[in-house]
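Each chain, written out:
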Amino acid sequence: MCGIVGYIGNREAYPVLMKGLHRLEYRGYDSAGVALINTNGQLNVYKAKGKVAELEAFVTDKDVSGSIGIAHTRWATHGEPNQVNAHPHYSESEQLAIIHNGIIENYAVLKEGLMKHGYNFRSTTDTEVLIQLIEYTKHTSQVDLPTAVQLALNQVVGAYAIAVLDRQNPNMIVAARKGSPLVVGVGEGEFFLASDATPIVEYTNKVIYVGDEEVVVLERGKEPSITTITNVKKTPEIQKLELTLNQLEKGGYPHFMLKEIFEQPQTLRTSMKGRVNVDANNIALSGFIDNRERFLNAKRIIITACGTSWHAGLIAMYAIEEFARIPVEVEYSSEFRYRKPVIHKDDVVIAISQSGETADTLAAIQLAKEAGAFIFSICNVVGASIPRISDSGCYTHVGPEIGVASTKAFTAQVTALTMLALCIGREKGTIAKEQYLRILKELDNIPEKISKIFHQNDRIADFAKIFTYAQNFIYLGRGYNHPVALEGALKLKEISYIHAEGYPAAEMKHGPIALISQEMPVVVIAPNCGTYEKIVSNIQEIKAREGKVIAIVTEGDTIVSNMSNFCITVPETEECLTPLLTVIPLQLLAYHIAVAKDRDVDQPRNLAKSVTVE
Ligand code: G6P
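Colleague: So what exactly am I meant to see when it comes to the site of the ligand here?
Modeller: Surrounding the ligand, one finds 13 residues, the nearest of these being Ser309, Ser353, Gln354, Ser355 and Thr358. Within the side chain of serine 353, an N or O atom sits 2.6 Å from an oxygen atom of the ligand. Interatomic distance of 3.4 Å between a backbone N/O atom of valine 404 and an oxygen atom of the ligand. For the ligand, the accessible surface in isolation is 390 Å², of which the surrounding protein chains cover 91%. Across the shell around the ligand, the residue classes tally to four nonpolar, eight polar and one charged.

Colleague: Would you explain the side chain of threonine 308 in this entry?
Modeller: By the element assignment, threonine 308 lies in helix H10 (residues 307–324). Owing to a relative accessible area of 8%, threonine 308 belongs among the buried residues under this scheme. For threonine 308, the contacting residues outside a window of four places in its chain are Ser406, Phe410, Gln413, Glu487, Leu490 and Lys491.

Colleague: Please clarify how the environment of glutamate 202 should be interpreted in this entry.
Modeller: Topologically, glutamate 202 is positioned in the loop between strand E10 (191–194) and strand E11 (206–209). Once the C-alpha coordinates of glutamate 202 and threonine 244 are considered, the two residues, 42 residues apart in sequence, prove to be 8.0 Å apart. At 2.7 Å, the side chain of glutamate 202 forms a polar contact with the side chain of lysine 19.

Colleague: Even after reading the chapter, I still don't get the pattern of salt bridges, so can you show me in this structure?
Modeller: Within this structure, the stated rule accounts for 28 salt bridges. Residues glutamate 94 and arginine 122 are paired through a salt bridge, measuring 3.3 Å at the closest nitrogen-oxygen approach. Of this pair, glutamate 94 sits in the loop between strand E5 (89–90) and strand E6 (96–104) while arginine 122 sits in the loop between helix H3 (107–116) and helix H4 (126–141), and the two are 28 residues apart along the sequence. Note on arginine 122: relative accessible area 42%, which makes it partly exposed. Between lysine 408 and glutamate 263 there is a salt bridge, with the nearest N and O atoms lying 2.7 Å from each other. Of this pair, lysine 408 sits in helix H14 (residues 408–428) while glutamate 263 is found in the loop between helix H6 (256–262) and helix H7 (264–272), placing the two residues 145 residues apart along the sequence. The burial state of lysine 408 is the same as that of glutamate 263; both residues are buried. Salt bridges sharing common partners tie together Lys19, Arg23 and Glu202.

Colleague: Which parts of the structure should I look at to understand helix H12 (residues 359–370)?
Modeller: Across its 12 residues, H12 extends 17 Å between first and last C-alpha, which sits within 8% of the 16 Å expected from 1.5 Å per residue. For H12, the complete set of buried residues consists of Ala359, Asp360, Thr361, Leu362, Ala363, Ala364, Ile365 and Ala368. Buried-residue contacts for H12 involve strand E18 (300–305), helix H11 (333–336), strand E20 (347–353), strand E21 (374–379) and helix H13 (385–389).

Colleague: I keep staring at the sheet that holds strand E12 (residues 214–219) and nothing clicks. Help me out?
Modeller: Within a sheet, adjacent strands bond to each other through the backbone by hydrogen bonds, running parallel or antiparallel. Spatially, the seven strands line up as an open sheet ordered E5-E6-E7-E8-E12-E13-E14, and their pairing is antiparallel. Both outer strands of the open sheet, E5 and strand E14 (233–234), are each paired with one neighbouring strand and no more. Both strand E8 (residues 169–178) and E12 contribute to a ladder of six bridges, which runs antiparallel. The residue of E12 that forms the bridge with valine 174 is valine 217. Its contacts with the sheet place H4 against E5, E6 and strand E7 (158–166), and it is angled at close to 130° to E6. Contacting E6, E7, E8, E12 and strand E13 (225–228), helix H5 (residues 145–153) crosses the sheet at an angle of about 160° to E7.

Colleague: Would you mind showing me how to read the sheet that holds strand E24 (residues 499–504) here?
Modeller: Pairing within the open sheet is parallel, and its five strands lie in the order E24-E23-E25-E26-E27. Pairing within the sheet leaves two strands with one partner each, and these edge strands are E24 and strand E27 (566–570). Adjacent strand axes in the sheet meet at a mean angle of 15° when their direction is disregarded. Sheet topology places strand E25 (residues 521–526) next to strand E26 (residues 548–554); six bridges connect them, and they run parallel. The residue bridging valine 523 from the neighbouring strand is isoleucine 550, located in E26. Packed onto the sheet, helix H18 (residues 532–544) meets strand E23 (472–477), E25 and E26 and runs at close to 170° relative to E25.

Colleague: Before we go on, may I ask you to explain the domain arrangement of the protein chain in this structure?
Modeller: Size of an interface: often given as the accessible area lost when the parts come together. Taken domain by domain, the protein chain consists of domain 1 (3–246), domain 2 (251–431) and domain 3 (454–601). If you average the C-alpha positions of domain 2 and of domain 3, the two centres end up 26 Å apart. Taken over both partners, the interface formed by domain 2 and domain 3 buries close to 2,200 Å², and the fraction arising from carbon and sulfur atoms is 75%. Among the residues domain 2 hides against domain 3, the three largest losses belong to Met257, His311 and Tyr318. Together they make up 24% of the total.

Colleague: Help me out: how do you make sense of the packing of H10 against helix H17 (residues 482–496) in this one?
Modeller: The axes of two packed helices give the description: the angle between them and the distance between them. Closest axis-to-axis distance for the H10/H17 pair is 8 Å, and the angle between their directions is 170°. Relative to H17, the element H10 is oriented roughly antiparallel. Contact residues: H10 offers Gly307, Thr308, Trp310, His311, Leu314, Ile315 and Tyr318, while H17 offers His482, Pro483, Val484, Leu486, Glu487, Leu490 and Lys491. Tallied by class, the residues present in the contact of H10 with H17 amount to eight nonpolar, four polar and two charged.

Colleague: Mind showing me how you'd approach the packing of aromatic side chains here?
Modeller: All chains considered together, the criterion is met by 16 aromatic pairs. Between phenylalanine 262 and phenylalanine 454, the ring centres sit 4.2 Å apart and the planes meet at 25°, which makes this aromatic pair stacked. In this pair, phenylalanine 262 is assigned in helix H6 and phenylalanine 454 in the loop between helix H15 (433–453) and helix H16 (457–466), connecting sequence segments 192 residues apart. Judged by centre distance (5.9 Å) and plane angle (80°), the ring pair of phenylalanine 295 and phenylalanine 374 falls under edge-to-face. In this pair, phenylalanine 295 is assigned in helix H9 (residues 292–296) and phenylalanine 374 in strand E21, connecting sequence segments 79 residues apart. With a relative accessible area of 5%, phenylalanine 374 lands in the buried category. Ring-pair connections join several aromatic residues into one group, and the members of that group are Phe463, Phe467, Tyr469, Phe473, Tyr475 and Phe566. Above the face of the phenylalanine 58 ring, lysine 62 is positioned so that its terminal group lies 4.3 Å from the ring centre.

Cut-offs used in this document
Residues numbered from 1 in each chain as written. Predicted model: local features only at pLDDT ≥ 70, side-chain atom pairs only at ≥ 80, totals over all residues. Heavy atoms only, no water. Near = heavy atom within 4 Å. Polar contact = N/O pair within 3.5 Å; in protein donor to acceptor, adjacent residues only side chain to side chain. Areas by Shrake-Rupley, 256 points an atom, 1.4 Å probe, with all protein chains shown as cover. Nonpolar A, V, L, I, M, F, W, Y, C, P; charged D, E, K, R; others polar. Helix = DSSP H or I, 4+ residues; strand = E, 2+ residues; numbered from the N terminus. Buried < 20%, exposed > 50% of the residue type's maximum accessible area, 1.4 Å probe, protein only. Contact = heavy atoms within 4.5 Å. Salt bridge = Lys/Arg side-chain N within 4 Å of Asp/Glu carboxyl O. Expected span 1.5 Å × (residues − 1). Pairing = 2+ DSSP bridges. Axes fitted to C-alpha atoms, helices over the stretch in contact; angles between N-to-C directions. Domains from an automatic or database assignment. Buried area = accessible area lost by both parts, 1.4 Å probe. Parallel < 35°, antiparallel > 145°, perpendicular 65-115°, else oblique. Phe/Tyr/Trp six-rings, centres within 6.5 Å; stacked < 30°, edge-to-face > 60°. Lys NZ or Arg CZ within 6 Å of the ring centre and 35° of its normal.

Structure (structure tokens):
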């Protein structure tokens, strides 16, 4: 995690860097800092604990001039979040400064070696070790900064996106990456660099996605130059950025999360555009068409993901097994990568990741790739690391998701995976034509049906206030809606800090029922499908113990709505598509409870949007 940004050109760097840091704050926000070289050749470093706004307040009376600089917003890994541990870090001589996103795993060994050479450390971070190593290498090997960076990175085990300034050379930024993202923006006589393209978009639409183990040198008056850390020259590939400034603004909503919830009808239309074709009675996914045989011959599909994306994977397990009749295993990436899994050459491994950068998911697919499996990824951020190393995939195209709690990315992932399940099933002949056509038509209706749910937003906001007292919540669902229960509980935990558990409804009897009392709100997802009758019995069990039931039901429902204390309706749909509707009220419920509790909805404590550390 952490966000990095850099600028070199003719403008004042500070405003560009601060604006960039605000855009990257979703990546971490426990401390922030900036380094600038002014026209007198001074290298000024300012840092503050807390959000970027704290840094801005801290520098009000400081010299922030200069047309070259780097800045950082941090999510702490090594060392507590305080001012000393904030980036940028100086080298011993204070000639160099660095910002870093990632983890230097062998920092302890490197630090010990440097201490023997008389180096002192101000912070407890792994990053400071790297800048000291770069300085040590520069001096002892008598090389220029780019070479020192190359040589130092050859000794590093871990992940990094770094940018380095040298006060003796105010015309150059040296940056590099491995495992953590890094994008360079190429303007007229100026360069930008950042963890993603959001700080760059308003200045230029020409970008270079820096590759793993590549070092990029940005020098005034010259073309960007790229080499690998082993000094192999690379030709910079300039790409056109598909991102607009509007997508990065709140557009009148109080929070990005609410904006993103309300965007879902439109984002799902975009995700399905050119793929779901009702007139032609067809779903076309190019990633599937191009690799048809791999899917049709797959003996097994392994889905690997983290967080909300893992919940989308669970829903896909129901859909793929139902329609394509291929066994599916859904794995937490962090467990999969370390548990010596059995992976066959004819397995298809599907990675799901909004950011496309999650370290554990990236490592999981690297492992699967080495074992010869076919890697298909479902990602949102175009050009991110996961899609780049995958054999094929499908972008969700929902635009930037800025709220840390994922909403529109989740519904698009479920949609993409459902389309994939239908494509495989249709080709294999494991789904009846009528059912395929019914679901295809219904997919096309989903955006409109989501819009209908929004009419209940004010009512949800009203009754959300009642539940601010709760210390705990239980979420129950069955079948396709069991993962939705997990997702609803996760949303509430993430942004309101209320403890919440998601459970398969029938499992309640095996433990959680002991927790039910008058105090306990129980959210029950009970649309009119498969296990409806069974869930009615589960609700009776809750009522008998005086639990408060908040039910999500299909329009026209009378039984559950009469039994529940609060009820939200969703339009009727195909069972496999119910998650796309039932999750919407749960997103809104979590949002409004968090707002009523005055929480920082878009940047909840301790979380970050893109988890590029293990
Ligand atoms: C973090 C985010 C979650 C996200 C998870 C996986 O925990 O806060 O919202 O679901 O990472 O991220 P990915 O980008 O791989 O979907």
